[in-house]
Amino acid sequence: MAISRTGADTGADTGIGTVYRADCPSRPILDQIADKWSMMVMAVLDKPTRFNEIKRRLEGVTQRVLTQTLRRLERNGMIVRRVLPTSPVGVEYSLTPLGESLREPFGRLYDWTVNNADEIRAHQLDYDQRLQG
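First, a word on what this report is: a plain description of the structure on this page. Every chain is numbered independently, its residues counted from 1 as its sequence is written. Totals for whole chains, interfaces and linings use every residue, but because this is a predicted model, local features are given only for residues with pLDDT of at least 70 and side-chain atom pairs only at 80 or more, for both listing and counting. Side-chain calculation: all heavy atoms of the structure are included, whereas hydrogens and water are not.

### A few points about the overall build of the protein chain
Reasoning step 1: Per the secondary structure count, the protein chain includes 6 helices and 3 strands.
Reasoning step 2: Beginning at the N terminus, the succession of helices and strands in the protein chain can be written as α-α-β-α-α-β-β-α-α.
Reasoning step 3: Think of it in three bands: residues with accessible area under 20% of the maximum for their type are buried, residues over 50% are exposed, and the middle band is partly exposed, with areas taken using a 1.4 Å probe on protein chains only. With 133 residues in all, the protein chain has 27% of them scored as buried.
Reasoning step 4: Taking all contacts inside the protein chain whose residues are at least 6 apart in sequence as the whole, residues at least 24 apart take part in 36%.
Reasoning step 5: Just so you have it, the protein chain exposes about 9,600 Å², and 54% of that area is on carbon and sulfur atoms. A run of H or I in DSSP counts as a helix once it spans at least four residues, and a run of E counts as a strand once it spans at least two, with each numbered from the N terminus. When checking whether two residues touch, look at their non-hydrogen atoms; a contact exists if any pair is within 4.5 Å. To measure how exposed things are, a 1.4 Å probe is used in the Shrake-Rupley method; for residues, cover is taken only from the protein chains shown.

See the structure below:
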């Protein structure tokens, strides 16, 4: 039995819409990869990159949030952490093949966002003005 995107029971196990179920295993994964910092970290990892370089490229991210984001991405198999034999010891991060497979859909989402930003902002302003007046 599957739940359709509208929430109706379709009677078929198509998998379409099961993401809306509370027990769907995709929910925590979607929460992780849809997080703004996760998406931005993965976007800057076009080559193996050290922590401080990632932090410099992501204006506004705190060290704590970046550390948490990197750990979650590593746990989910999206990135790999490699300790460098330097003094002091350095660490670099790079995308795994699984993480690399998200670059194309992330790129499309980013392009859509950029292409529609002005229209979205206009809708936001219109909405805000209607609430005030």
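### As for the sheet that holds strand 1 (residues 49–50)
Reasoning step 1: Strand order across the open sheet formed by 3 strands is 1-3-2, with antiparallel pairing between neighbours. The sheet terminates laterally at strand 1 and strand 2 (79–84), the two strands that pair on one side only.
Reasoning step 2: Whether two strands pair comes down to DSSP finding at least two bridges between them. Here 2 bridges tie strand 1 to strand 3 (residues 90–95), and the two strands are oriented antiparallel to one another. Among the inter-strand pairings, Thr49 is bridged to a residue of strand 3, identified as Tyr93.

### Quick notes on the packing of helix 2 (residues 36–44) against helix 4 (residues 63–75)
Reasoning step 1: Interaxial angle, 0 to 180 degrees, is taken between N-to-C directions of lines fitted to C-alpha atoms, where a helix line uses only the stretch in contact. Close contact between helix 2 and helix 4 brings their axes to 10 Å; oriented N to C, the two are set at 75°. When the axes of helix 2 and helix 4 are compared, the pair comes out roughly perpendicular. Contacts from Trp37, Ser38, Val41 and Met42 of helix 2 reach helix 4 at Val65, Leu66, Thr69, Leu70, Arg72 and Leu73.
Reasoning step 2: Residues are grouped as follows: Ala, Val, Leu, Ile, Met, Phe, Trp, Tyr, Cys and Pro are nonpolar; Asp, Glu, Lys and Arg are charged; every other residue, Gly included, is polar. Split into classes, the residues belonging to the contact of helix 2 with helix 4 amount to 7 nonpolar, 2 polar and 1 charged. The scheme is simple: roughly parallel for angles under 35 degrees, roughly antiparallel for over 145, roughly perpendicular for 65 to 115, oblique for anything else.

### A look at the pattern of salt bridges
Reasoning step 1: In what follows, salt bridge is the name for a side-chain nitrogen of Lys or Arg lying within 4 Å of a carboxyl oxygen of Asp or Glu. Under the criterion given, the structure shown has 8 salt bridges.
Reasoning step 2: Linking Glu53 and Arg56 is a salt bridge whose minimum nitrogen-to-oxygen distance equals 3.1 Å. Highlighted residues: Glu53 and Arg56, both in helix 3 (residues 51–57), separated by 3 residues, approximately one helical turn.
Reasoning step 3: According to the relative accessible area criterion, Arg56 is exposed, its value standing at 59%.
Reasoning step 4: Here Arg103 and Glu100 are joined by a salt bridge, their closest N and O atoms 3.4 Å apart.

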